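Structural features, examined
Residues per chain, in single letters:
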Amino acid sequence: MNEDFANPIDKDKTTDKPSALPYAHHVGSAVVKPLDMGKTIGRAIAAMEHQTDLQLSQIREQVELLMKQADGIQRRKELARIIYGCEIRFKPEINHVYHLYRKGDGSHVLSMVGHEEWGRSRRPGEYLYSVKLLADHTWEIVNK
C-alpha cells in the first residue's frame, strides 16, 4: 500500500478478524440478534414448572394410593382383632365367607350361618358383617 494513503474509516470501526465482531460485517452475513435473556429464562422456568408439577402430581397420586392401601390393611387388622377375640366354635377356612354378630352383652360371635338363614328366635345377636378369611389370616368385609 501507499504510505501516503489515509484510510477514511476509523481504526476503531475496522478489524482484521471480522468473525469476532458482535454484528454482521457485510450483507451476506448471518443475522446476529442478541438473546433476550429474560424471555429465555422465563420460558425455561415455565417448562421446568410444568414438568415438576406433573411429576409431583404423579407422586401425589401414588402416595394417595399407598395411603388407601395402608388404610385398608389397617381396617382388616382391626377386624381380625375383633374376630380372633370373639367366640368361634369351628376352624375358619381361607376364602370362605362367615358372619359376624354382636351379642347383647357386647361380645362377638362368628358363625357359618348367615343372618337371612336364621329363624328369628335363634339368631345369636345383632348381625354386623359377612366376612371372608384371607390368606394372610386377616378378614375382609364382603357384605354389611
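Residues numbered from 1 in each chain as written. Predicted model: local features only at pLDDT ≥ 70, side-chain atom pairs only at ≥ 80, totals over all residues. Heavy atoms only, no water.

Of regular secondary structure, the chain possesses 1 helix and 4 strands. Written out in order from the N terminus, the α and β elements of the chain read α-β-β-β-β. The C-alpha radius of gyration of the chain comes to 41 Å, more than 25% above the 15 Å expected for a compact globule of 144 residues. Looking at the chain as a whole, 17% of its 144 residues qualify as buried. Considering only contacts within the chain whose residues lie at least 6 apart along the sequence, 42% involve residues at least 24 apart. Working note: accessible area of the chain is about 12000 Å², and carbon and sulfur atoms make up 54% of it. Here the chain contributes 21 positive and 20 negative side-chain charges, whose respective centroids are spaced 12 Å apart. (Helix = DSSP H or I, 4+ residues; strand = E, 2+ residues; numbered from the N terminus. Rg over C-alpha atoms; globule rule 2.2 N^0.38 Å. Buried < 20%, exposed > 50% of the residue type's maximum accessible area, 1.4 Å probe, protein only. Contact = heavy atoms within 4.5 Å. Areas by Shrake-Rupley, 256 points an atom, 1.4 Å probe, with all protein chains shown as cover. Lys, Arg positive; Asp, Glu negative; His and termini not counted. Charge placed at Lys NZ, Arg CZ, Asp CG, Glu CD.)

Let us look at the pairing of strand β3 (residues 126-133). The pairing of strand β1 (residues 97-102) with β3 spans 6 bridges and is classified as antiparallel. When the bridges of β3 are listed, R102 appears paired with E126. For β3 and strand β4 (residues 139-143), the ladder comprises 4 bridges, and the chain directions are antiparallel. Residue pairing in the sheet places K132 in a bridge with E140 of β4. With antiparallel pairing between neighbouring strands as the criterion, β3 and β4 make up a hairpin whose turn holds 5 residues, including H137 at a positive phi of roughly 65 degrees. (Pairing = 2+ DSSP bridges.)

Relative to the helices and strands, E116 is located in the loop between β2 (108-111) and β3. Taking relative accessible area as the criterion, E116 reaches 69% and is therefore assigned exposed. For the pair formed by E116 and Y127, sequence separation is 11 residues and the distance between their alpha carbons is 9.7 Å.

This next bit is on the pattern of salt bridges. Applying the stated rule across the entire model yields 5 salt bridges. Taking the shortest distance from any N to any O, the salt bridge between R89 and E87 comes out at 2.6 Å. You can call R89 exposed: its relative accessible area is 74%. The partly exposed category is assigned to E87, whose relative accessible area is 28%. In this structure, E93 engages K91 in a salt bridge whose closest nitrogen and oxygen atoms are separated by 3.8 Å. By relative accessible area, which is 64% here, K91 ends up exposed. (Salt bridge = Lys/Arg side-chain N within 4 Å of Asp/Glu carboxyl O.)

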